Amino acid sequence: MARTVIIGIDHSVYSEQAFDFYIEHAMLKGDKIVLVHVSEYTSLVQAPALLTDPVVVSDLIKEEEMKVKQLVDKYSEKMKKHHLGGKVKQMAGKSGEAIIAAAKEEEAGLIVVGTRGMSKLRRTFVGSVSDYVLHHSDVPVLICRTSQHS
């Protein structure tokens, strides 16, 4: 039976390195990949000043859609290169919660996420997607810490 692997992706180098780490160290033949991207639309329209100008909101949404298409194209090419089957699941809301929800919906056997390597103090105040996923997942979680800190 094929294993379903959820991989959280965004526009950062951290998610790309997590994907690459999975390919090099954790991939099993027959894995079905579900790339989960959590849209940033909610943060775009939360600023009250933006809601007064529908043109601004529309432009921001179009820009985000273009970024998402580029992201999906990039990961589609990576998946083709490694002969991986799967899909992209676009979700909204908080990233950690969305990844956990996707894992349940897809009956995942593994979740892969990257991490920025924030300090304990910073994680306490701003939260961490990888920390949330680790503490709320019913399946194993592979957190890939990058060697590159910026």
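Position labels on residues start from 1 in each chain and follow its written sequence. A pLDDT threshold of at least 70 governs which residues receive local features in this predicted model, and a stricter bar of 80 or more applies before side-chain atom pairs are shown or counted, although totals over entire chains, interfaces and linings include all residues. Side-chain measures were taken over the full set of non-hydrogen atoms in the model, leaving aside hydrogen atoms and water.

*Asks:* Requested: an account of the side chain of Ser15, with residues and values cited.
*Replies:* Mapped onto the secondary structure, Ser15 falls in helix α1 (residues 13–26). By relative accessible area, Ser15 is classed as buried at 4%. Contacts are assigned to residue pairs that have any heavy atoms within 4.5 Å of one another. Not counting the four nearest positions on each side in its chain, Ser15 is found in contact with Gly8, Ile9, Asp10 and Tyr75. Numbering of helices and strands starts at the N terminus; helices are DSSP runs of H or I of at least 4 residues and strands are runs of E of at least 2. The classification of residues rests on relative accessible area computed with a 1.4 Å probe and restricted to protein chains. Under 20% of the type maximum is buried, over 50% is exposed, and intermediate values are partly exposed.

*Asks:* Just give me the short version of the pairing of strand β4 (residues 110–115), but keep the residues and values in it.
*Replies:* Among the six residues of β4, five are classified as buried, and the element is accordingly described as predominantly covered. Of the strand pairs in this sheet, strand β1 (residues 4–9) and β4 are connected by three bridges, and their pairing is parallel. The residue bridging Ile7 from the neighbouring strand is Val112, located in β4. By the bridge criterion, five bridges tie β4 to strand β5 (residues 141–145) in an arrangement that is parallel. Within β5, the residue paired with Ile111 across the bridge is Val141. Two strands form a pair only when DSSP identifies at least two bridges running between them.

*Asks:* Tell me about unusual backbone geometry, and name the residues and values.
*Replies:* Located in the positive-phi region is His83, a residue other than glycine, with phi close to 55°. The class of His83 is exposed, set by a relative accessible area of 73%. Its identity is not glycine, yet Glu107 carries a phi of approximately 55°, on the positive side. The residue Glu107 is located in the loop between α5 (95–105) and β4 in this model. With relative accessibility at 68%, the residue Glu107 sits in the exposed group.

*Asks:* Any chance you could break down the pattern of salt bridges for me, citing the residues and the numbers?
*Replies:* Here, a salt bridge means any side-chain nitrogen of Lys or Arg that lies within 4 Å of a carboxyl oxygen of Asp or Glu. Taken as a whole and assessed by the stated rule, the structure comprises eleven salt bridges. Across the pair Lys74 and Glu16 runs a salt bridge, and its minimum N-O distance is 2.9 Å. Taken together, the residues span a long stretch of sequence, with Lys74 in helix α4 (residues 54–81) and Glu16 in helix α1 at a distance of 58 residues. Given a relative accessible area of 33%, Lys74 falls into the partly exposed group. Looking at Glu16, the relative accessible area reads 23%, which means it is partly exposed. In this structure, Asp73 engages Lys69 in a salt bridge whose closest nitrogen and oxygen atoms are separated by 2.8 Å. Residue Asp73 and its partner Lys69 are located together in helix α4, separated by four residues, close to a single helical turn. According to the relative accessible area criterion, Asp73 is partly exposed, its value standing at 38%. By relative accessible area, which is 51% here, Lys69 ends up exposed.

*Asks:* Please provide a residue-by-residue account of the environment of Thr146, values included.
*Replies:* For Thr146, the position within the fold is in the segment after β5. When the C-alpha positions of Thr146 and Phe21 are compared, they lie 9.7 Å apart, and in sequence the two are 125 residues distant. Not counting the four nearest positions on each side in its chain, Thr146 is found in contact with Tyr14, Gln17 and Thr115.

*Asks:* Give me the packing of α5 against helix α7 (residues 129–136): which residues, what numbers.
*Replies:* The interhelical angle for the contact between α5 and α7, taken along N-to-C directions, is 40°, at an axis separation of 8 Å. The angle between the axes of α5 and α7 places the two elements in the oblique class. Crossing angle aside, the handedness with which α5 passes α7 is right-handed. Every residue of α7 that contacts α5 at Ser95, Gly96, Glu97, Ile99 and Ile100 is listed here: Val129, Tyr132, Val133 and His136. Partitioned by chemical class, the residues of the contact of α5 with α7 number five nonpolar, three polar and one charged. Where helices are involved, their axes are fitted lines through C-alpha atoms of the stretch in contact, as for all axes, and angles between N-to-C directions lie from 0 to 180°. Working definition: roughly parallel below 35 degrees, roughly antiparallel above 145 degrees, roughly perpendicular at 65 to 115 degrees, and oblique for all remaining angles. Two helices crossing with the near one rotated counterclockwise from the far one by less than a right angle form a left-handed crossing, whereas a clockwise rotation gives a right-handed crossing. Basically, the charged four are Asp, Glu, Lys and Arg, the nonpolar ten are Ala, Val, Leu, Ile, Met, Phe, Trp, Tyr, Cys and Pro, and anything else, Gly included, counts as polar.

Keep in mind these numbers describe shape, not what the thing actually does.
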